[in-house]
Amino acid sequence: MTETLLEIDRLSVDYETARGDLKALRDISFDVRKGEIVGIVGESGCGKSTLISSILRLTAPNTRFRQGEVRFKGQDLLQATERQMRDLRGADISIVFQDPMQTHNPVLTIGQQMLDIQHRSKDSKADKLARAAKMLGAVGIPDPEARLAQFPHEFSGGMRQRIAIAMALMSEPDLLIADEPTTALDATLEVQIIERLQELQQEFDCAILFISHHLGVIAELCDRVVVMYAGAVIESGDVREIFHDPKHPYTRRLIDCDPGHIKERARVLPTIPGEVPDLANLPGGCIFRDRCEQAMARCATDVPPLTQLKQGHHAACWLNHEEANT
Amino acid sequence: MLIFAIRRFGLAFLILFVAVTVMFLMIRAVPGDPVQIMLGPRATPELQARLTAELALDQPIWRQLVIFYGNLLQGDLGIDVFSGRAVTDIVFQQLPHTLWLIFSSIIWSAALGIGIGAYAAAHPNTLIDRITAAISVSFVAAPAFVVALLSLLIFAVNLKWFPAIGAGEGFWDRLNHLVLPAFAIGLSWVGYIARLVRASMLEVMGESHVRTARAFGINERRVVMVYALRIAILPVVTVIGVGMGFLLSSAVFAEIVFARPGLGKLVIDSITTRNYPIVMGSVLISTALFVVSTALADLVNAWLDPRARGSK
């Protein structure tokens, strides 16, 4: 078994708001091993973004870490000093954000921004620029030297996202966090970006934590998947296991709703009826109960634990327990 | 950038032309025969007729306008009716006093306002933020003429720290004479700019490129001073450009209260005596000042923000 790089251990995060604490993350546990690609999937508002901002500790001021640890190479990041965190950001851990149109500073040239992120290096400015140009070339930007002098608005969305990836990989990080990097792009670009990410991952041998709500991309790219729902992990495991034998009704419905998975022409696209529960006022029992067709009496009273079903496959559903069949 | 500058100054000249034409027509619409007022009740009809012809007031209005622009293109703004001196001489003699006043006001108020605003934005919702907010708003609310009179009373009459009237001689004396007028007309701009910078900073700090900069471990000082402030300053530059125009009108009463020479005093004096050439000359210069300062503000913005330069 390879070395564990990132361990999220029973992490719970709240947002303090005027109408009470919003329980954004509850009891999240999973890990990312060296050189592995882990996908996090879930609908909007399930806590994916809170999770990654918690890893980097770039959270809003009203965020409260209630319990748990985020261990990176054994060090608990939630206990690290601001100084230690800054040394990690953009060095050992890099991130590619969701919206490529907003991710770069609009009034500085790409070259200047790529210089700035090499602030740890003692190399000369010329060396740093050469490195930046080389990285831009590696992500497929033609004529990189000349384009360093240009501003973000002179690039297309797909190019900007490739620049963001180039910037994130420049420090050769151990962990790359990709927060829905293709959501804002069209389908052809998405494929290009994904393929490029795969190649670069091979080349740089970094682990990737890939956040998406696009199941097709996850299936294509990832080794393992973590399925989140309303701030909790409800299923996790090998990508093949999850897609071929999902053990949680939510995962099953999610796969059914994926456009890539729909085989017949239908007038109405499949959806999961109902709404995500109010995070400020969580109901007891299973959080998916109200939207679940297979809910039982027990689901209303007891929270199903995330249980190991077989090697590398966990799910939090009472259906997988013996009692369900009796 | 060059094309942008040429285009922007072309627009500035168009605005100047329209504004000056409107002013020209408006001043002719003021009731009363200007010749009679200028020469007084005892003037002979011959004298009146001569002045009317000299000022071309017997011509139809459009011809007057053509003559005015014709002379203007030759750098001739006419002759002062009373002293017989060239209007350009008189206006350009007064202009430096007003420019000094406006520039010193905008410089101190922008420097202080940006400082207070940036500090408040860096510490939002703290006690200091609330205190600066209260101070800023009261600065904005304080009418400049009240501030002028009170500061005159306190710092010039009672404490005798600064001279009360005049413009002074020599650099340091002039500067000393500038303190109170510049304080009076700049004070509300301190509050205004501070509020603007704070709001603008908070907005930019919440944008995702700032998060990106932080996610790369760039130190917080550089994130605030370079990545955020450079964008947050853009609306402030525009406001300062327009503010120059407002300060021109504040300068009018500051020059009266502090008995300073300057364009404002010149305009007031010449309007009451219907001294058309002087009025037109001063109005032309102050309009030009306003138009040029807003154009300059746009150029500075274009220099700071590549997106404002337009395509290519």
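Residues numbered from 1 in each chain as written. Chains lettered and ligands numbered in written order. Predicted model: local features only at pLDDT ≥ 70, side-chain atom pairs only at ≥ 80, totals over all residues. Heavy atoms only, no water.

**Structural notes on the overall build of chain B**
Next up, step 1: Per the secondary structure count, chain B includes 12 helices and 0 strands.
Next up, step 2: Overall, chain B shows an N-to-C arrangement of helices and strands of α-α-α-α-α-α-α-α-α-α-α-α.
Next up, step 3: In terms of overall dimensions, chain B has a C-alpha envelope of 85 × 60 × 35 Å along the principal axes.
Next up, step 4: Long-range contacts, defined here as pairs at least 24 residues apart, represent 74% of the contacts in chain B between residues at least 6 apart.
Next up, step 5: With the model as given, the accessible surface of chain B reaches about 15900 Å², and the carbon-plus-sulfur share is 70%.
Next up, step 6: On chain B, the mean spot of the 23 positive side-chain charges and the mean spot of the 17 negative ones are 11 Å from each other. (Helix = DSSP H or I, 4+ residues; strand = E, 2+ residues; numbered from the N terminus. Contact = heavy atoms within 4.5 Å. Areas by Shrake-Rupley, 256 points an atom, 1.4 Å probe, with all protein chains shown as cover. Lys, Arg positive; Asp, Glu negative; His and termini not counted. Charge placed at Lys NZ, Arg CZ, Asp CG, Glu CD.)

**Some remarks on the pattern of salt bridges**
If charged atoms from side chains of opposite charge come close, those side chains can pair.
Next up, step 1: One pass over the full model with this rule turns up 30 salt bridges over all chains.
Next up, step 2: Because the salt bridges share partners, they merge into one network encompassing Asp14, Glu16, Asp21, Arg64 and Arg66 of chain A. (Salt bridge = Lys/Arg side-chain N within 4 Å of Asp/Glu carboxyl O.)

**Regarding the interface of chain B and chain A**
Next up, step 1: Listed per partner, the contact involves 20 residues of chain B and 25 residues of chain A.
Next up, step 2: Taken together, the two surfaces of chain B and chain A that pack against each other cover about 2100 Å², and 64% of this comes from carbon and sulfur.
Next up, step 3: The interface formed by chain B and chain A holds 1 salt bridge in total.
Next up, step 4: Here Arg222 of chain B makes a salt bridge to Asp116 of chain A, at a shortest N to O gap of 2.9 Å.
Next up, step 5: Every element with two or more residues in the side of chain B that touches chain A is listed here: helix H9 (208-215) and helix H10 (220-257) of chain B.
Next up, step 6: Considering each element in turn, the side of chain B that touches chain A owes the most residues, 6 residues, to H9 of chain B.
Next up, step 7: The residue makeup of the side of chain B that touches chain A, split by class, is 8 nonpolar, 5 polar and 7 charged. (Buried area = accessible area lost by both parts, 1.4 Å probe. Nonpolar A, V, L, I, M, F, W, Y, C, P; charged D, E, K, R; others polar.)

**Here we look at the packing of aromatic side chains**
Residue and element names in this part refer to chain B.
Next up, step 1: Within this structure, the stated rule accounts for 11 aromatic pairs over all chains.
Next up, step 2: When the centroid spacing of 6.0 Å and the interplanar angle of 20° are considered together, the rings of Trp108 and Phe183 count as stacked. One end of the pair, Trp108, is in helix H5 (residues 87-122); the other, Phe183, is in helix H8 (residues 171-205), and 75 residues separate them in sequence.
Next up, step 3: On the accessibility criterion, Trp108 (25% relative accessible area) is partly exposed.
Next up, step 4: For the ring pair Phe155 and Phe183, a centre distance of 6.4 Å and an interplane angle of 80° mean the geometry is edge-to-face. Remark: Phe183 occurs in helix H8 and Phe155 occurs in helix H7 (residues 144-158); sequence separation between them is 28 residues. (Phe/Tyr/Trp six-rings, centres within 6.5 Å; stacked < 30°, edge-to-face > 60°. Buried < 20%, exposed > 50% of the residue type's maximum accessible area, 1.4 Å probe, protein only.)

**Remarks on the nonpolar core**
Soluble globular proteins tend to bury their nonpolar side chains together.
Next up, step 1: Among the nonpolar cores identified, the biggest contains 108 residues, and Met114 and Phe210 of chain A are the most heavily contacted of them.
Next up, step 2: Sort the elements by how many residues they give to this core and H10 of chain B lands first, with 18 residues.
Next up, step 3: Residue contributions to this core reach at least three from each of two domains, namely domain 1 (4-92 + 175-276) and domain 2 (104-170) of chain A.
Next up, step 4: Setting aside chain neighbours within four positions, we find Phe210 of chain A in contact with Ile37, Val38, Gly39, Ile40, Ala178, Pro181, Ile194, Leu197, Val217, Ile218, Leu221 and Cys222 of chain A.
Next up, step 5: Counting 36 residues, the second largest nonpolar core, distinct from the first, contains Ala80, Ile177, Ala207 and Leu209 of chain A. (Core = buried A, V, L, I, M, F, W, Y, C linked by side-chain atoms within 4.5 Å. Domains from an automatic or database assignment.)

**Quick notes on the sheet that holds strand S5 (residues 75-76) of chain A**
Pairing between sheet strands relies on hydrogen bonds along the backbone, with the strands arranged either parallel or antiparallel.
All names here are of chain A.
Next up, step 1: The antiparallel open sheet is built from 4 strands, whose spatial order is S2-S1-S4-S5. In this open sheet, the two strands that pair with only one neighbour each are strand S2 (20-33) and S5.
Next up, step 2: On top of the sheet, helix H1 (residues 48-56) reaches strand S1 (4-17), S2 and strand S4 (63-72); it is set at about 110° to S1, its chief contact. (Pairing = 2+ DSSP bridges. Axes fitted to C-alpha atoms, helices over the stretch in contact; angles between N-to-C directions.)

**Description of the confidence of the model for chain B**
All names here are of chain B.
Next up, step 1: Per-residue pLDDT for chain B has a mean of 84; in total, 99% of the residues score no lower than 70.
Next up, step 2: Highest mean pLDDT in chain B belongs to H9 (91); lowest belongs to helix H2 (residues 34-39) (74).
Next up, step 3: Listed scores for the predicted complex are pTM 0.78 and ipTM 0.84. (pLDDT = per-residue confidence, 0-100.)

**Comments concerning the side chain of Arg289 of chain A**
Next up, step 1: Here Arg289 of chain A lies in the loop between helix H10 (249-257) and helix H11 (297-301).
Next up, step 2: Those residues in contact with Arg289 of chain A that sit more than four places away from it in its chain are Pro283, Gly284, Ala295, Cys299 and Ala300 of chain A.

**Comments concerning empty space enclosed by the protein**
Residue and element names in this part refer to chain A.
Next up, step 1: Applying the stated criterion across every chain yields a total of 6 cavities of 30 Å³ or more.
Next up, step 2: As a volume, the largest cavity reaches approximately 90 Å³.
Next up, step 3: Lining the largest cavity are 14 residues; nearest its centre among them are Pro249, Cys286, Cys292, Cys299 and Cys317.
Next up, step 4: Here the residues of the lining of the largest cavity are counted per class, giving 11 nonpolar, 2 polar and 1 charged. (1 Å grid on protein atoms, 1.4 Å probe; cavity = no way out; pocket = protein on both sides within 12 Å on 5 of 7 lines; lining within 4 Å. Points joined across faces, edges and corners; volume = space filled by probe spheres on them.)

**Some remarks on the domain arrangement of chain A**
Residue and element names in this part refer to chain A.
Next up, step 1: Under the domain assignment, chain A is made up of domain 1 (4-92 + 175-276) and domain 2 (104-170).
Next up, step 2: Between the C-alpha centres of domain 1 and domain 2 there is a distance of 27 Å.
Next up, step 3: Across the boundary between the two partners, domain 1 contributes 16 residues, which contact 12 residues of domain 2.
Next up, step 4: Roughly 1100 Å² of surface becomes buried between domain 1 and domain 2 when both sides are summed, with 68% attributable to carbon and sulfur atoms.
Next up, step 5: Contact with domain 2 buries area across many residues of domain 1, yet Ile193, Arg196 and Leu200 alone supply 38% of it, more than any other trio.
Next up, step 6: Our count for the contact surface shared by domain 1 and domain 2 stands at 0 salt bridges.

**Topic: the packing of H5 of chain B against helix H6 (residues 127-141) of chain B**
Residue and element names in this part refer to chain B.
Next up, step 1: Two elements in contact, H5 and H6, have axes whose closest approach is 9 Å; the angle formed by their N-to-C orientations is 145°. In this structure, the crossing between H5 and H6 has a hand that is left-handed. Residue-level inspection shows Ile116, Tyr119 and Ala120 of H5 in contact with H6, the latter providing Ile128, Asp129, Thr132 and Ser136.
Next up, step 2: In terms of residue class, the contact of H5 with H6 is made up of 4 nonpolar, 2 polar and 1 charged. (Left-handed = near helix turned anticlockwise from the far one by under 90°.)

**Things to note about unusual backbone geometry**
Next up, step 1: Phi at Asp143 of chain A takes a positive value of approximately 55°, unusual for a residue other than glycine.
Next up, step 2: Summarising the element assignment, Asp143 of chain A is placed in the loop between helix H4 (125-138) and helix H5 (144-147).
Next up, step 3: The backbone of Asn125 of chain B sits at a positive phi, close to 65°, despite the residue not being glycine.
Next up, step 4: Within the fold, Asn125 of chain B resides in the loop between H5 and H6.
Next up, step 5: When its relative accessible area of 54% is taken as the criterion, Asn125 of chain B is described as exposed.

**Side note on the pairing of strand S11 (residues 307-310) of chain A**
All names here are of chain A.
Next up, step 1: The pairing of S11 with strand S12 (residues 313-315) spans 3 bridges and is antiparallel. By the bridge assignment for S12, Gln308 is matched with His314.
Next up, step 2: Here S11 folds back onto S12 in antiparallel fashion, the turn holding 2 residues, of which Gly312 has a positive phi close to 75°.

**So, H1 of chain A**
An α-helical turn contains 3.6 residues, so a residue and the one three or four places further along point in the same direction.
Next up, step 1: Of all 9 residues in H1 of chain A, 8 are buried, a share of seventy percent or more.
Next up, step 2: Just beyond H1 of chain A, the residue with positive phi is Arg57 of chain A, at close to 55°.

**Some thoughts on the sheet that holds S11 of chain A**
All names here are of chain A.
Next up, step 1: Read from one edge of the open sheet, 8 strands run S6-S7-S8-S3-S9-S10-S12-S11, paired in mixed fashion. Strands at the two margins of the open sheet, each flanked by one partner only, are strand S6 (93-96) and S11. On average, each strand axis in the sheet is inclined to that of its neighbour by 20°, with strand direction left out of account.
Next up, step 2: Looking at chain direction, strand S7 (residues 175-179) and strand S8 (residues 207-212) are connected through 5 bridges and run parallel. Residue Ile177 lies in a different strand from S8, and its bridge partner there is Leu209.
Next up, step 3: Contacts from helix H7 (residues 187-204) reach strand S3 (37-41), S7 and S8 within the one sheet, and its direction differs from that of S8 by about 160°.

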